[in-house]
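Chain residues, written in single-letter form:
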Amino acid sequence: MTDLTLPALGRRQLLVGGAASLAALGLAPQSAAAASGRPGLVPNSRLHRWAADTWRSLDAMTDPDTGLPADNIPESLAAGDRSGYTSPTNIGGYMWSAVVARELGIITAADCSRRLLQTIETLEGMEHHEPSGMYFNWYDEATGETLRTWPESGDPVEPFVSSVDSGWLGAALLVVANADPVAGPRARALFDGMRWDAFYNPGDGADGHPTVRTGGLMHGGFYPFADGRPGGTYQGTHIGGEDVWLTTHHYDTIVSETRITSYLGILTGQVPAKHYFAAWRTFPASCDWSWHEMQPVGETRTYLGVEVFEGAYTYRGMHIVPGWGGSMFEELMPAVFVPEETWAPRSWGLNHPLHVRAEREHGMEEAGYGYWGFSPASNPAGGYREYGLDALGMNPDGYYSDQESTKYDIGFGECREGTATNPTWGDGVVTPHASFLGMMYERGEATSNLIRIQEQLGAYGSGGFFDSVAVKSGTIARRYLSLDQAMVMGALGNVLAKGVLRKAFSTRAVEAKLRPVIGMEEFGAGVIDG
């Protein structure tokens, strides 16, 4: 085992940068087109048009009196068709999208500041958990009031504070604090009041908290009130004051959108750096763990006193660190704000482009859909569903890439035989926001894929790309989700506006706190020789 510490890293010069890491995989930064001979870049005017149309849907979702976006809206874009509810993630997504829209010239700087101030003023008056500065999971976007009954069914809603939803609101507030001189001070005040350690369980079992992995993990969240809370909770607090009801569930995989909350805790100094290494890269390779997707390969290293099994899954000649579900969202959403591939060239600098390549090869070659990009989104048949690349998800039940939920299972070495070693996939479901996230690494291929989704599948309306489309049947989920549209705006902002969100979030102060931590790690990811 190798022991890497922060001081040791400071004495060493990393030999491989982000661009060099991509080159080692045969990929160029932003696009693999030049290296692969595959489709080249299209004029930026098309990408700008996509951004403008995407912003139109976000604008249509947003209540003009509160500045809060609805969770979703159908293709009508009619104000009366808004969903009637919103979340901290949706609110954050609208704010960072406004910054991108300003940078791309879609709205003026004055309009951007006006919108941000309106949203922040509403946030300042909204009910929330004051000791932590965190907001509840669901509000009425037209009033800012906490939801206690679900608008679609009338079912009761117990206010809950989600660590990951809080993370995306916090990320947006930090962006606004650094990107808009008018709204920035009030955004900073809200951000500075957020206590990320309210979610952090150090893991040592002290004060009645559950024992978790060395380094400590983030709770899924907590219920501030006693009435109506579900099971799977216990009474306690990590920040003093009145107890809340914390979830016994913790987030414990590194390839996850939830790492944004870990980043915020570390960069504010509220959570120790060693926490970053507590999450699984893969579950262990031993036979008593043979329930997960496949037997990983890798070795154990130690960082900041925490032992880490640097496991990876094997897929199409690549070793890739998987997520829970194998979706683009899990892999890449934090990279919209943090230049992970540059700051961590031996981990994310390898894994991000390989994950994009894996999704592309699955859609285009293995499953033969003719399209790619798999991530949780609207189900074209109705409702919402988690889509992904099953081979890159540790979840034994899988996030699937088609409507039939076709399983991929090659077994677990000598421990367990595979049950679906040569599957035949059905009606694949592609989600445009996944390709936009992938555009940060394969600009040419992602753009070409999106053009086909627009022109051949017709999955496009006046508000931009519809949320998903089943490619064989041609069934389209003809609605827009504010989170998914905000991911589109975020990725386009980084591609077209010189990394606007990354610059606003990942300042020099943030880099000084975060880069040494994530930069010391070496994943087991890479292209297999031979």
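Here the structure is shown first, and the text comes after it.
Here we summarise the structure given alongside this text. (Residues numbered from 1 in each chain as written. Predicted model: local features only at pLDDT ≥ 70, side-chain atom pairs only at ≥ 80, totals over all residues. Heavy atoms only, no water.)

With that settled, the discussion passes to the overall build of the chain. Along its length, the chain carries 17 helices and 25 strands. For the chain, the C-alpha radius of gyration of 22 Å lies close to 24 Å, the compact-globule estimate for 530 residues. In terms of overall dimensions, the chain has C-alpha extents of about 60 × 60 × 45 Å along its principal axes. Classification of the 530 residues of the chain by burial places 63% in the buried group. In the chain, the share of contacts with a sequence separation of at least 24, taken over all contacts with a separation of at least 6, comes to 69%. On the chain, roughly 18,600 Å² of surface is accessible, and the fraction owed to carbon and sulfur atoms is 49%. (Helix = DSSP H or I, 4+ residues; strand = E, 2+ residues; numbered from the N terminus. Rg over C-alpha atoms; globule rule 2.2 N^0.38 Å. Buried < 20%, exposed > 50% of the residue type's maximum accessible area, 1.4 Å probe, protein only. Contact = heavy atoms within 4.5 Å. Areas by Shrake-Rupley, 256 points an atom, 1.4 Å probe, with all protein chains shown as cover.)

Axis separation between helix H7 (residues 163-179) and helix H8 (residues 184-192) bottoms out at 7 Å; the angle between their running directions is 145°. When the axes of H7 and H8 are compared, the crossing they make is left-handed. Residues Gly170, Leu173, Leu174, Val176, Ala177 and Asn178 of H7 form the contact with H8, whose own contacting residues are Gly184, Ala187, Arg188, Leu190 and Phe191. Residue composition of the contact of H7 with H8, by class: seven nonpolar, three polar and one charged. (Axes fitted to C-alpha atoms, helices over the stretch in contact; angles between N-to-C directions. Left-handed = near helix turned anticlockwise from the far one by under 90°. Nonpolar A, V, L, I, M, F, W, Y, C, P; charged D, E, K, R; others polar.)

Turning our eyes to something else, we now look at helix H6 (residues 109-125). Every α-helical turn comprises 3.6 residues, leaving residues that sit three or four positions apart pointing alike. For H6, which comprises 17 residues, the first-to-last C-alpha distance of 25 Å matches the rise-based estimate of 24 Å (1.5 Å per residue) to within 8%. When we look at burial in H6, the residues that qualify are Asp111, Cys112, Ser113, Arg115, Leu116, Gln118, Thr119, Ile120, Thr122 and Leu123. Of the surrounding elements, those touching the buried residues of H6 are helix H4 (44-61), helix H5 (88-103), strand E4 (134-135), H7 and H8. (Expected span 1.5 Å × (residues − 1).)

A few words now on the sheet that holds strand E8 (residues 221-223). As summarised here, the arrangement of the four strands in space is E5-E8-E10-E9, forming an open sheet in which the pairing is antiparallel. The sheet terminates laterally at strand E5 (161-162) and strand E9 (233-236), the two strands that pair on one side only. Across two bridges, the pairing between E8 and strand E10 (residues 244-247) is antiparallel. Its bridge partner being in E10, Tyr223 is matched across the sheet by Trp245. (Pairing = 2+ DSSP bridges.)

Overall, the coordinates contain one disulfide when judged by the stated rule. There is a disulfide in this structure between Cys287 and Cys415, and the S-S distance comes to 1.9 Å. An S-S torsion of about -70° defines the bridge between Cys287 and Cys415 as left-handed. Note that Cys287 is positioned in the loop between helix H9 (259-267) and strand E12 (297-303) and Cys415 in the loop between strand E17 (409-412) and strand E18 (416-420), a separation of 128 residues in sequence. (Disulfide = S-S within 2.5 Å.)

Our focus in this paragraph is the pattern of salt bridges. Scanning the entire structure with this criterion turns up 26 salt bridges. With a closest N to O distance of 4.0 Å, Asp63 and Arg82 form a salt bridge. Of this pair, Asp63 sits in the loop between H4 and strand E2 (72-74) while Arg82 is found in the loop between E2 and H5, placing the two residues 19 residues apart along the sequence. Take Asp63 and Arg82: they sit in the same class, and that class is buried. Residue Arg281 is joined to Glu521 by a salt bridge in which the shortest nitrogen-to-oxygen separation is 2.8 Å. Taken together, the residues span a long stretch of sequence, with Arg281 in the loop between H9 and E12 and Glu521 in the loop between helix H17 (508-519) and strand E25 (526-527) at a distance of 240 residues. Residues Arg281 and Glu521 agree in their burial class; the two are buried. Bridged by salt links that share partners, the residues Asp59, Asp111, Arg114 and Arg115 form one connected network. (Salt bridge = Lys/Arg side-chain N within 4 Å of Asp/Glu carboxyl O.)

Taken together, three strands build an open sheet; the order of strands is E6-E7-E11 and the sheet is antiparallel. Edge strands, defined here as strands with exactly one partner in the open sheet, are strand E6 (200-201) and strand E11 (250-251). As defined by bridge partners, E6 adjoins strand E7 (residues 217-219) across two bridges and the pair is classed as antiparallel. Paired with Asn201 across the two strands is Leu217, which belongs to E7.

What follows covers the nonpolar core. By size, the foremost hydrophobic cluster in this structure holds 147 residues, and its most contacted members are Met95 and Phe505. Considering every element that reaches this core, the biggest residue donor is H7, with 11 residues. Apart from the residues within four sequence positions on either side, Phe505 is in contact with Ala171, Leu174, Val175, Ile260, Leu264, Leu267, Phe337, Val338 and Val510. (Core = buried A, V, L, I, M, F, W, Y, C linked by side-chain atoms within 4.5 Å.)

On the secondary structure map, Ile254 appears in the loop between E11 and H9. For Ile254, a relative accessible area of 4% gives the class buried. The spatial distance from the C-alpha of Ile254 to the C-alpha of Thr54 is 30 Å, given a sequence separation of 200 residues. Every residue in contact with Ile254, bar those within four places of it in the chain, is listed here: Arg259, Tyr276, Ala279, Trp280, Arg281, Trp348 and Phe523.

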